[in-house]
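Residue strings, one per chain:
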Amino acid sequence: MTRQLQRARLAQWRDPAAVYAELAAEAVAAVWLDAGPYATDGLSYIGIPSTAPLTESVEHGDVTIFERLRAALEHDSAVDTTVAREDGFALGWVGWFGYELASHTAGVPTSEAATPDAAFVYLDWALEFDHEFRTCDLILLGSHDECARKLGNLETQLADALPPTPLPASAVTPERVRWRHSATRYQELVLACLAAITAGDAYQLCLTNEVHVSGEFTALEVYLRLRQENPSHHGGLLLIGGVALLSSSPEVFLRVDASGHLTTKPIKGTRARSHDQALDDALAAELISSDKERAENLMIVDLMRNDVGRVAELGSVHVDTLLEVESYENVHQLVSTVSAQLAAGFSAVDAIEVCFPAGSMTGAPKISAMNILHKLEQGPRGMYAGAFGYLGIDGTANLAMVIRSIVLTSQGASIGTGGGITSGSIPQAELEETWVKVAPLLRALGVESTEYS
């Protein structure tokens, strides 16, 4: 008998934060793909997996996460997903791809990360929140009777669930904050990037840094503060294997629909926002007119066109939008959109593998840039600069970049930050850009200082 995807509507709208707090209270693994606290459109998903995760460490074993996900998704290829939304998740795998998978996909050296290089959990049920129509549906892989029982259990469990109030962050003392590269050292690394560009070894390098904050943190409490400090349409809270990814990412890595239409939206170009409307407008106008930022974005658009073209139908790769300003709580971003149609025989997993890691987080030419950055950065990026999201059993995928994100482990919190270096880069300005990006995330942890240590 063909397995079926079932759909049933809850009696009323439920706040996703309240639902996550209730369902994940005692869970060892949980996922929340979050359209944001102020969303008026889009979809959010919350689910609790019941099986062990698929994980990968690049340093151990030859079977990649891509091969394992292909096999797992093939197992579900006969499922009837008629009730799935065209723009949504039909259940399947949710998790992250860490940057160090680049050693598999690009053949470049990487450093050993403290967290799994990939981790995915399988959801055979989830709650789907439609923020435009304020409806909440249960989607479940199983029988109609199983769906009805699960719906009844959820209605009972969530009857008194209330949205949790974000607690103020406890102040973090300076000695608990440690940067991989000091302010002086980061500017020296910018100069090293400029030397490599002058020598012709690259024309853009996405140089990154990492800050670690020691201590114990509660994932949901920090995430609730993060989504207030830095709201985003591609947020997420993923708890897998004792590690938590808290993301307020603004950048789409890859989106693939059930017909094989692929979209990527690289971001390159940043300006801090101002509370003064006239100045804020001027900053957005300056961003879109900046020769340096436009060149930076165009380089990555060209790189992503090339990557996507490796799995696309001939002639189907298009630049849908070029150099558009998107404005978020703390920054203006310069964004472009590239789309294509997957060629026959290629899947969403294939597209991820050939495009990973995203050019917006490497520089160009990609392989040369990654080799240079490996020598300069002197440490793993971990989840930062990778991607997270879902791979649906209907062949769909929706992955965001792991940027503007916090990773929590038993050792504390870590945050990656960085920016694209081109021939027009000024070391002090590049340093300040890293702070603009990381400051709201540090505030969510209780760090207020604007000084690198």
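In this text, all values refer to a predicted model and were calculated from it rather than measured experimentally.

Asks: Could you give me a rundown of the overall build of the chain, with the residues and numbers involved?
Replies: Within the chain one finds 11 helices and 22 strands. The C-alpha radius of gyration of the chain comes to 21 Å, within 12% of the 22 Å expected for a compact globule of 453 residues. Seen along its three principal axes, the alpha-carbon backbone of the chain occupies a region of about 65 × 55 × 50 Å. Residues classed as buried in the chain amount to 58% of the 453 residues present.

Asks: So what about the nonpolar core? Which residues, and what values?
Replies: Within the largest apolar cluster, 77 residues are counted, with the highest numbers of intra-cluster contacts made by Ile65, Leu69, Trp93, Trp96, Phe97, Phe253 and Leu391. Listed in part, the 50 residues of the second largest apolar core include Trp13, Trp435, Val438 and Ala444.

Asks: Describe the pairing of strand 15 (residues 267-272), naming the residues involved and giving the relevant values.
Replies: When a strand is regular, its side chains alternate between the sheet's two faces. With 5 of 6 residues buried, strand 15 lies mostly within the body of the structure. Across 4 bridges, strand 15 lies against strand 17 (residues 331-341) in antiparallel orientation. Bridge pairing in strand 17 places isoleucine 267 opposite valine 335.

Asks: Break down the packing of helix 5 (residues 183-198) against helix 11 (residues 427-445) for me, citing the residues and quoting the values.
Replies: Think of two packed helices as two axes; the pair is described by the angle between the axes and how far apart they sit. Their axes nearest at 9 Å, the elements helix 5 and helix 11 cross at an angle of 120°. As judged from the angle between their axes, helix 5 and helix 11 are oblique. Between helix 5 and helix 11 lies a crossing of right-handed hand. Residues Ala183, Tyr186, Gln187, Val190 and Leu191 of helix 5 lie in contact with helix 11, whose contacting residues are Pro427, Gln428, Glu430, Leu431 and Thr434. Partitioning the contact of helix 5 with helix 11 into residue classes produces 6 nonpolar, 3 polar and 1 charged.

Asks: Lay out the pattern of salt bridges with the relevant residues and their values.
Replies: Enumeration according to the criterion identifies 23 salt bridges in this entry. Salt-bridge contacts for arginine 7 lead to glutamate 128; the nearest nitrogen and oxygen are separated by 2.7 Å. Here the residue arginine 7 occupies a position in strand 1 (residues 5-9), and glutamate 128 occupies one in strand 7 (residues 125-130), the gap between them amounting to 121 residues. Residue arginine 7 is classed as partly exposed on the basis of its relative accessible area of 26%. Relative accessible area serves as the criterion here: at 3%, glutamate 128 is assigned to the buried category. Where arginine 271 meets glutamate 293, a salt bridge forms, and the shortest distance between an N and an O atom there is 2.5 Å. Here arginine 271 is found in strand 15, whereas its partner glutamate 293 is found in helix 8 (residues 291-309), with 22 residues between them in sequence. Looking at arginine 271, the relative accessible area reads 16%, which means it is buried. The class for glutamate 293 is buried, based on a relative accessible area of 3%. Taken together, the salt bridges that share partners define one network made up of Lys268, Arg271, Glu286, Lys292, Glu293, Glu296 and Glu430.

Asks: Hey, could you go over the packing of aromatic side chains for me, with residue numbers and the actual values?
Replies: Counting across every chain of the model gives 11 aromatic pairs. Ring plane angle 85° and centroid distance 5.9 Å describe the contact between tryptophan 13 and phenylalanine 129, whose orientation is recorded as edge-to-face. Linking tryptophan 13 in the loop between strand 1 and helix 1 (16-23) with phenylalanine 129 in strand 7, this pair joins segments that are 116 residues apart in sequence. The class for phenylalanine 129 is buried, based on a relative accessible area of 0%. With 5.6 Å between their ring centres and 90° between their planes, tyrosine 45 and phenylalanine 89 make a pair best called edge-to-face. Taken together, the positions of tyrosine 45 in strand 3 (residues 43-47) and phenylalanine 89 in the loop between helix 2 (65-75) and strand 5 (92-97) put the pair 44 residues apart, joining distant regions of the chain. What makes tyrosine 45 buried here is its relative accessible area of 4%. Residue classification places phenylalanine 89 among the buried positions, given a relative accessible area of 1%.

Asks: Outline the state of the cysteines, supporting the account with residue identities and numerical values.
Replies: Here the structure, examined in full by the defined rule, presents 0 disulfides. The structure places no disulfide on cysteine 206, whose sulfur is separated from the nearest cysteine sulfur, that of cysteine 193, by 9.3 Å.

Asks: Quick one: what's the story with the packing of helix 6 (residues 219-229) against helix 11, residue by residue and with numbers?
Replies: The N-to-C vectors of helix 6 and helix 11 enclose an angle of 145°; their axes lie 8 Å apart at closest approach. Between helix 6 and helix 11 the crossing geometry is right-handed. From helix 6, Val222, Arg225, Leu226 and Glu229 reach across to helix 11, where they touch Pro440, Leu441, Arg443, Ala444 and Leu445. Per-class residue counts for the contact of helix 6 with helix 11 are 6 nonpolar, no polar and 3 charged.

Asks: Provide a residue-level description of helix 10 (residues 366-377), including the pertinent values.
Replies: Over its 12 residues, helix 10 runs 16 Å from end to end, which matches the ideal 16 Å to within 8%, given 1.5 Å per residue. Listed as buried for helix 10 are Lys366, Ala369, Met370, Ile372, Leu373, Leu376 and Glu377. On an axial view of helix 10, the arc spanned by its buried residues comes to 165°, and they lie on one face. Of the surrounding elements, those touching the buried residues of helix 10 are helix 3 (102-105), helix 5, strand 10 (204-214), helix 8, helix 9 (348-355) and strand 18 (363-364). One or two positions beyond helix 10, positive phi appears at glutamine 378, with a value near 55°.

Calculation criteria
- Residues numbered from 1 in each chain as written.
- Predicted model: local features only at pLDDT ≥ 70, side-chain atom pairs only at ≥ 80, totals over all residues.
- Heavy atoms only, no water.
- Helix = DSSP H or I, 4+ residues; strand = E, 2+ residues; numbered from the N terminus.
- Rg over C-alpha atoms; globule rule 2.2 N^0.38 Å.
- Buried < 20%, exposed > 50% of the residue type's maximum accessible area, 1.4 Å probe, protein only.
- Core = buried A, V, L, I, M, F, W, Y, C linked by side-chain atoms within 4.5 Å.
- Pairing = 2+ DSSP bridges.
- Axes fitted to C-alpha atoms, helices over the stretch in contact; angles between N-to-C directions.
- Parallel < 35°, antiparallel > 145°, perpendicular 65-115°, else oblique.
- Left-handed = near helix turned anticlockwise from the far one by under 90°.
- Contact = heavy atoms within 4.5 Å.
- Nonpolar A, V, L, I, M, F, W, Y, C, P; charged D, E, K, R; others polar.
- Salt bridge = Lys/Arg side-chain N within 4 Å of Asp/Glu carboxyl O.
- Phe/Tyr/Trp six-rings, centres within 6.5 Å; stacked < 30°, edge-to-face > 60°.
- Disulfide = S-S within 2.5 Å.
- Expected span 1.5 Å × (residues − 1).
- Arc of directions from axis to C-beta.

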